[in-house]
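# Geometric and topological summary
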Amino acid sequence: MSHAANARTRQSGPTTPDEGQILRELGYDPVLARRMGGFGNFAISFSIISVLSGCMTLYGFGLNTGGPVVMLWGWAGVGLMVLFIGMALAEVTSSMPTAGAMFYMARQLGGVRWGYYTGWVNLLGLLGGIAGSAYGAAQFTGALLNLQFGWEPTTEWTMVVFTAILLLFGALNLGGVRVVSLLNSVSVWWHLVGVAVIVAVLWAVPDSHQSTEFVFTQFTNNTGWSNPLYVTALGLLLTQYTFTGYDASAHLSEETANASVSAARGMVRSIWVSWIAGFVLLAGLTFAIQDYAATAAAPVPPARIFLDALGPDTAAILMLIVIGAQLFCANAGITSASRMAFAFSRDGALPGHLLLRRVSRTQTPHLAVGLAVAGPLVLALPSLYSTTAYTAVTAINVIGITPSYVIPVYLRLRHPERFTPGPWILGRWSRPVGWIAVIWVGFATVLFCLPQTSPITAESMNYAAVALLTALALATAWWPLARKTLTDPTGTPSTPGPKDH
């Protein structure tokens, strides 16, 4: 029986459990500041999902890969599947609320090797997500300057802005979890009000709108592939790409009050609130399209919609709303990735783990924050020379992080005797919801590896599988050393690193 399963006299009473004691029972001494409430825990996952980042970034992909009918109905259907994933993962999180999240869960339920590879893929996916959101904010900033002043930003300029964004939010993350929680709470309202403002303006100002029939039935295929079912399946990636990062609720569980319940609730709430907000946003954008062909071909399609429908001044204001959301997304991503790096290093799984597990006076894993800044910067460097190369290294965000969500769920279904539920449970729905989640992620992972445009060339090739194999190769290369320091899940778990005063 796993260590986690041994420690569950806890949460059965009506009182709030002692989360510090729960963490000790799971094998760790509390060293992070538990100053985040339930809303803050929800806010960090909601901020990383960031419908104003994900939907905007891949909106042009959606216009060309199935069009409005696939974007809108795909969002509704895939969003439901993601909710199943979130509920299944939340149930395991409630049982094992640690910063290592899926790494710890997979290790306890499947063994050291399961946990090790799950942790590596999850961490690299988190770093790729930060690179995507921060680089997207830099690109949208360039588009805004081009809109307002006609200035063409260079790739080098975009990289400078990208680096500045990472350094700024890295510094803010060093201020402690209260600063992070405050920023994420602001982010929630920024996103919700931002979506409402964008949709309201796009509905009220333009003289013309697309018809309801167009928005909910128009199919468009500019991929080069002739099979409409294949194109429809590819178009589902917009939604699946957006719905990543909600594992942040689990990674921040050691800093959340009543984490056994709050982290699980925060995870699920972030998904269904984003599900509703994203559908409204996609519908609002699509109704406001003035010239479909020109919008689909534009470098930043949402900016083209804003400009055509509203004029340059109002378009600039809406662009600022989007950029702000992308910045909040990058900030939350740094927080989540740093906690994962800290927890992974705490158990000796990363190179430099003796340093990365250190905690500062503000009870923040400051060197792990540094990794969460430096990692995305390294991943983005290829963009100076090749857009294709950058796409390949950031693809790990989606193809890596999404499977890591269901590995603990699969192991919990495969080894029910090793799992003892926490206070947030699905009851009799646990197994059907879990298997739906596992099957869907298997299908979605295959989708992410398929070629998206025809003909297939070096520029149009989908490098997602290559990115995942590269990540696994790196993990395998370090495994001979890591296995010497990683703890057997049936033995005494490793202890946290020393505070660095």
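Everything that follows concerns the structure shown earlier in this document.
Residues numbered from 1 in each chain as written. Predicted model: local features only at pLDDT ≥ 70, side-chain atom pairs only at ≥ 80, totals over all residues. Heavy atoms only, no water.

### Some points on the environment of Val 438
- Within the secondary structure, Val 438 is located in helix H23 (residues 430–449).
- Under the relative-accessibility criterion, Val 438 is labelled buried at 17%.
- Sequence separation between Val 438 and Tyr 135 is 303 residues, and the spatial gap between their C-alpha atoms is 31 Å.
- When neighbours within four sequence positions are excluded, Val 438 is seen to be in contact with Val 406, Val 409, Tyr 410 and Leu 413. (Helix = DSSP H or I, 4+ residues; strand = E, 2+ residues; numbered from the N terminus. Buried < 20%, exposed > 50% of the residue type's maximum accessible area, 1.4 Å probe, protein only. Contact = heavy atoms within 4.5 Å.)

### Looking at the pattern of salt bridges
- On inspection of all chains with the given rule, the structure shows six salt bridges.
- One salt bridge in this structure joins Glu 91 and Arg 412, with 3.7 Å as the shortest N-O distance. Placement of the pair is Glu 91 in helix H6 (residues 68–95) and Arg 412 in helix H22 (residues 396–414), with a sequence separation of 321 residues. Across this residue pair, the class does not change: Glu 91 and Arg 412 are buried. (Salt bridge = Lys/Arg side-chain N within 4 Å of Asp/Glu carboxyl O.)

### Quick word on the side chain of Ser 274
- Following the sequence through the fold, Ser 274 ends up in helix H15 (residues 259–287).
- Its relative accessible area of 1% is what places Ser 274 among the buried residues.
- Apart from the residues lying within four places of it in its own chain, the contact partners of Ser 274 are Phe 46, Ile 49, Val 51, Trp 75 and Phe 243.

### Some details on a nonpolar patch on the surface
- The grouping of Phe 39, Trp 189, Val 193 and Val 197 at the surface amounts to a nonpolar patch, some 370 Å² of accessible area in total.
- By residue number, the principal contributor to the nonpolar patch is helix H10 (residues 177–204), which donates three residues.
- With respect to the helices and strands, Trp 189 occurs in helix H10.
- On the basis of relative accessible area, Trp 189 is assigned to the exposed category, the value being 52%. (Patch = residues over 30% accessible without salt bridge, like charges linked within 9 Å, V, L, I, M, F, W, Y side chains within 5 Å. Areas by Shrake-Rupley, 256 points an atom, 1.4 Å probe, with all protein chains shown as cover.)

### Considering helix H8 (residues 112–149)
- A rise of 1.5 Å per residue sets the reference length of H8, with its 38 residues, at 56 Å; its end C-alpha atoms lie 55 Å apart and thus fit the reference within 8%.
- A positive backbone phi angle near 70° is found at Gly 150, which sits one or two residues after H8. (Expected span 1.5 Å × (residues − 1).)

### Topic: helix H2 (residues 19–26)
- Burial within H2 is extensive, with six of its eight residues counted as buried.
- Every buried residue of H2 is accounted for by Glu 19, Gly 20, Ile 22, Leu 23, Glu 25 and Leu 26.
- Residue Gly 27 follows H2 closely and has a positive phi angle near 115°.

### Details of the nonpolar core
- Ranked by size, the top nonpolar core spans 148 residues in total, and within it Met 56, Tyr 116, Ile 198, Leu 202, Phe 306 and Phe 344 carry the most contacts.
- Listed in part, the eight residues of the second largest apolar core include Ile 44, Ile 48, Ala 248 and Ala 332. (Core = buried A, V, L, I, M, F, W, Y, C linked by side-chain atoms within 4.5 Å.)

### Considerations on the packing of aromatic side chains
- The full count for this structure, using the stated rule, is 23 aromatic pairs.
- On the numbers, 4.9 Å between centres and 80° between planes, the contact of Trp 151 with Trp 157 is edge-to-face.
- Three or more aromatic residues link up through ring pairs in this structure, and these residues are Phe 103, Tyr 116, Tyr 117, Trp 120, Phe 344 and Trp 479.
- Here the guanidinium or amino end of Arg 346 rests over the ring plane of Tyr 28, the centre of that ring lying 3.7 Å away. (Phe/Tyr/Trp six-rings, centres within 6.5 Å; stacked < 30°, edge-to-face > 60°. Lys NZ or Arg CZ within 6 Å of the ring centre and 35° of its normal.)

### With respect to unusual backbone geometry
- The omega torsion across Ser 454 and Pro 455 is 0°, close enough to zero to call that bond cis.
- Within the secondary structure, Pro 455 is located in the loop between H23 and helix H24 (464–482).
- The phi angle at Ser 50 is positive, at roughly 45°, despite the residue not being glycine.
- On the secondary structure map, Ser 50 appears in the loop between helix H3 (38–49) and helix H4 (51–57).
- Residue Ser 50 is classed as buried on the basis of its relative accessible area, which comes to 0%.
- In the Ramachandran plot, Gln 363 falls in the positive-phi region, its phi being about 60° despite a non-glycine side chain.
- By the element assignment, Gln 363 lies in the loop between helix H19 (353–356) and helix H20 (366–380).
- Owing to a relative accessible area of 22%, Gln 363 belongs among the partly exposed residues under this scheme.

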